[in-house]
Amino acid sequence: MTKTLRIEPLSDNAALVAWQFLGQPLQEWPSWVQSNCSLQKDVDGKFELRHERRSGTQIVYLGEWLVRDLDGGVDFYTDAEIWSRFAAKR
């Protein structure tokens, strides 16, 4: 099941969009994830998303979240990190 959340930082009113990588097929990824990431397997055979950035490659594993900010930038968080930094928008 694909689920995209609207979230907001706990200390700000900016709206963000978050998507959790649960091994969904490419066609179920939001377009902003498809345009920013590629799916690969690591040396142990685990699926990972690779997100290329100027600072280097970010690797997003199953259960981790990608967050798109207002400027179109993308970052990732573990499940514990996302809920300590953001609140679901209601």
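Look up a bit, the structure's there.
Residues numbered from 1 in each chain as written. Predicted model: local features only at pLDDT ≥ 70, side-chain atom pairs only at ≥ 80, totals over all residues. Heavy atoms only, no water.

### A few points about the nonpolar core
Val 17, Trp 19, Phe 21, Trp 29, Trp 32, Val 33, Cys 37, Leu 49, Val 60, Leu 66 and Val 74 together form the largest nonpolar core, which totals 11 residues. Secondary structure elements with two or more residues in this core: strand E2 (16–20) and helix H1 (31–34). Formed by 7 residues, the second largest nonpolar core is a distinct cluster that contains Leu 16, Trp 65, Val 67 and Tyr 77. (Core = buried A, V, L, I, M, F, W, Y, C linked by side-chain atoms within 4.5 Å. Buried < 20%, exposed > 50% of the residue type's maximum accessible area, 1.4 Å probe, protein only. Helix = DSSP H or I, 4+ residues; strand = E, 2+ residues; numbered from the N terminus.)

### As for the environment of Gln 40
Mapped onto the fold, Gln 40 is located in strand E3 (residues 37–41). Leave out the neighbours within four places in its chain, and Gln 40 touches Lys 46, Phe 47, Glu 48 and Arg 50. Here Arg 50 takes part through its side chain, which lies 2.8 Å from a polar atom of the side chain of Gln 40. (Contact = heavy atoms within 4.5 Å. Polar contact = N/O pair within 3.5 Å; in protein donor to acceptor, adjacent residues only side chain to side chain.)

### Let's talk about a nonpolar patch on the surface
On the surface, Leu 39, Phe 47 and Leu 62 cluster together into a nonpolar patch covering about 270 Å² of accessible area. As for its placement among the helices and strands, Leu 62 is situated in the loop between strand E5 (56–61) and strand E6 (65–68). (Patch = residues over 30% accessible without salt bridge, like charges linked within 9 Å, V, L, I, M, F, W, Y side chains within 5 Å. Areas by Shrake-Rupley, 256 points an atom, 1.4 Å probe, with all protein chains shown as cover. Salt bridge = Lys/Arg side-chain N within 4 Å of Asp/Glu carboxyl O.)

### Focus: the sheet that holds strand E4 (residues 47–53)
If you walk across this open sheet you meet the 3 strands as E3-E4-E5, and the pairing is antiparallel. Because the sheet does not close on itself, it has two edges, and the strands there are E3 and E5. Taking each pair of neighbouring strands and ignoring which way they run, the sheet shows an average axis angle of 35 degrees. Here 5 bridges tie E3 to E4, and the two strands are oriented antiparallel to one another. Directly across from Ser 38, in E4, lies its bridge partner Arg 50. (Pairing = 2+ DSSP bridges. Axes fitted to C-alpha atoms, helices over the stretch in contact; angles between N-to-C directions.)

### A few points about the side chain of Asp 42
One can find Asp 42 in the loop between E3 and E4. Despite its burial, Asp 42 remains without a salt bridge, the nearest opposite charge being carried by Lys 46 at 5.4 Å. One polar contact links the side chain of Asp 42 to the main-chain amide nitrogen of Asp 44, over a distance of 2.9 Å. In this structure the side chain of Asp 42 is engaged in a polar contact, spanning 2.8 Å, whose partner is the backbone nitrogen of Lys 46. Ignoring anything within four residues of it in the chain, the contact list for Asp 42 reads Glu 48 and Tyr 61. (Lys, Arg positive; Asp, Glu negative; His and termini not counted.)

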